[in-house]
Amino acid sequence: TSSPAGVSKPFARVSKVRCLHAAMRVTLCVGAFLAVAANKGEKNPIRHVVSLLQQMQAKIEEEEATDAHLFAKYECFCKKNTVELTQAIEDGKAKITDLQSQIEATKEGRTQAIADLQQAKDDRAAAKQAVEEATKVREKEAADYASESGDIKANIGALNQAIPAIEKGMGGSFLQTPAAAALQRAVSASVSTPDYEKTLLQSFFQQADGQTAPQSGEIVGILKTMKEEMEKALAEITRAEDEAKVNFAQLKEAKAKEVAAATRTIEKKTEKSGEMAVEVTQLEGDLQETESTLEEDTGYSNELDVSCKEKAADYESIKVARADELVAIADTIKLLNSDEALELFKKALPSSGSSLVELNSNWNQVRAKALAALRESSRAFANPKLDLITMALSGKKEGFEKVLGMIEKMVKELELEQTDDDAKKAFCESEIDKTEDKSKDQQRNIDGLATDIDAEQGKLGKLQGEVVELKQAVADTDKAVQEQTEQRKEEHEEYTSTAASDNAALELLEFAKNRLNKFYSPEQYKAPPKRQLTEEEEIYENYSFVQIHRGHAAPEAPEAPGDYKKSSKSNGVVAMIDLLREDLKKEMQKDAFEEKEAQKDYEKFMDDAARKRATDSKAITQKQEVIADVETELHETKGEHKTELKALQDTKEYEHNLHMSCDWLSDNFDERKQARTEEIESLKKARDVINGADYSLVQAKASQFMGK
């Protein structure tokens, strides 16, 4: 397995092994070379031991330099990652604080936007309700005005008939008309006419001929007074009606502006609320991801700190152990590399003798056979413990009992190692299969999540595109409404101008025809209404009349031209004027019809545009809500995808570690098993050789020899 920092832990394990090997190297090498040098009869065998120790010293110093370089790199790794993680943790905490503030501010802004949206809806509803109520009041006022003004106008009409009739002495004939009955009812209903006058008028209405001379003047005066009051009342209610119309129009226009403003506010706040909902979702997703990253960085930082401290402690232990080993080797070299040691070694060699020669011969034969069996295995399978037994036999210092014990112990250890290898091989095969299956399942999940992400991103892009299209449709609708309104206004102004011109032309043609008729067809001539002459004009006419009648007799007239004959082409001209008038009337009717249809089409277009705009605005809001949901799902899917990727990475790393731990064993299992079997057989063979000798004699002689 690997540490959280991704670096193996070799130091603690290696330190123990190296300490053991150090002691073994010193002991075995000294004993082995002393034995070899003694057997070869060399003068200074201690020199070989010193040379070997110096080689060991150089090797250890080389290992020390290598370890120092490795630890320096690891220490640099720890410092660099600690600084980066510390900065990342600080940045993550600052970002979380900032995101939390942004989320809170955005939520508050959305709450305010929703409140503003509701207020705008309430304002629009109140404005529409005010227009509806004002419309009802206006309709009632208009109906009351129509009824009251109709009655007054009818009464004034009756008075207009009654007054001239009474003044001309035709009151009796007037009393027989329906207008008299209407006037009688008006008199009865009048609240401003005194009772005396009412009684006088009722008496007049009840006369058969209505020609009571003494009362006619007074009745006419009463009726004229009533007419003036009625005309004044009609003017007053007409003025009030006109003011009511203007006030209603102003109110309606003001409320329409309020409704339009509220509608714009509703659309803006609806859009803003949707955008803020999406922003909150994105910020919360970012916050969740940042918190997760901060938690991972914090955990990794803690693990890295612990791991780095452990490595530092292990390295210090290694340095201490290596220093102790170097001191031991240096002390040994100093001890052995002296003349006193050489002389002592020479003296320590056994002297020759007949009994000793025989003993040594038996001893050496057994030892040689055992060594041959052990060295055969040693060449095939390097093992320090096997070397230790071999050197123990070669050193001539240890008894057979201790060597046999070492052999038995090593056989058991080898058998136990083989059992461990068998168990580890089975574990590796099973665990690798399970890990590979797990990796495949995780990869399938990742592929499925990637497909979901692509689908959700496609759906999100489609929805965002549809929102853009809908917003453009709303903008196009607003633009079309503005253009159609301006066009309708221009068309109406053109129609009004054309209608005025057509009416003026029609009147001009009518006047021209009437003027021709005055000369050519007097019976068809329509005289203009007689204008009331002023006092000066009446005096002038009377004076002229008097002057004419008071003049002298006219002188005899000279001969004059004959009778004038009217042009016969006048009928064609009049007919052409009539044709023009008819064509103009048809054109005016056509224009009026087209104007009416255009207004209907415009009103229908405005209604359709309003409905379409409301539908598109509602669709925008709905799609923005769906976008928020899809973005939430996409964020969750991405988070799950990231988690699965991390899990797959961990599985792959675990699988890699398994292969690192198991592949060598699997690849070399059969060879290791074969070598171990051969080693066990060699050990057993050596044991059998030793057990087959005259052990008691040899042991006794050996004890006697060792005593010397």
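No experiment lies behind these values; they were computed from the predicted model shown.

1. Concerning the nonpolar core
- With 22 residues, the main nonpolar core has L159, L201, I219, L223, M226 and M230 as its most contacted residues.
- If you list the elements that add at least two residues to this core, you get α2 (46-167), α4 (178-189), α5 (195-206) and α6 (213-336).
- Filtering out sequence-adjacent residues up to four positions away, L159 remains in contact with P164, L183, L223, M226, K227 and M230.
- Of all hydrophobic cores here, the second largest spans 13 residues; its members include L460, I620, A628 and V630.

2. Some details on the side chain of E631
- Here E631 shows up in helix α12 (residues 570-692).
- For E631, which is buried and forms no salt bridge, the nearest opposite charge comes from K638, at a distance of 9.3 Å.
- Setting aside residues up to four positions removed in sequence, E631 forms contacts with V278, Q282, L460 and Q464.

3. Looking at the confidence of the model for the chain
- Mean pLDDT for the chain: 75, with 69% of residues reaching 70 or above.
- For the chain, per-element mean pLDDT is lowest for helix α13 (residues 695-707), which scores 39, and highest for α2, which scores 87.
- With pLDDT under 50 throughout, residues 349-361 is counted as low confidence; its partners more than four residues away or in other chains account for 8 contacts.
- Note on residues 535-567: pLDDT is under 50 here. Beyond four places in sequence and across chains, it has 9 contacts.

4. Some details on the state of the cysteines
- Per the counting criterion, the structure on display carries 2 disulfides.
- Cysteine pairing for the chain (bonded cysteines numbered in sequence order): 1-2, 3-4.
- C76 takes part in no disulfide bond, and the closest cysteine sulfur to it belongs to C78, at a distance of 9.3 Å.

5. Section: the pattern of salt bridges
- Within this structure, the stated rule accounts for 31 salt bridges.
- We note a salt bridge from R613 to E267, for which the minimum N-O separation is 1.6 Å. Of this pair, R613 sits in helix α12 while E267 sits in helix α6; the two residues are 346 residues apart in sequence, bridging distant segments of the chain.
- You can call R613 buried: its relative accessible area is 18%.

The rules behind each value
Residues numbered from 1 in each chain as written. Predicted model: local features only at pLDDT ≥ 70, side-chain atom pairs only at ≥ 80, totals over all residues. Heavy atoms only, no water. Core = buried A, V, L, I, M, F, W, Y, C linked by side-chain atoms within 4.5 Å. Buried < 20%, exposed > 50% of the residue type's maximum accessible area, 1.4 Å probe, protein only. Helix = DSSP H or I, 4+ residues; strand = E, 2+ residues; numbered from the N terminus. Contact = heavy atoms within 4.5 Å. Lys, Arg positive; Asp, Glu negative; His and termini not counted. Salt bridge = Lys/Arg side-chain N within 4 Å of Asp/Glu carboxyl O. pLDDT = per-residue confidence, 0-100. Disulfide = S-S within 2.5 Å.

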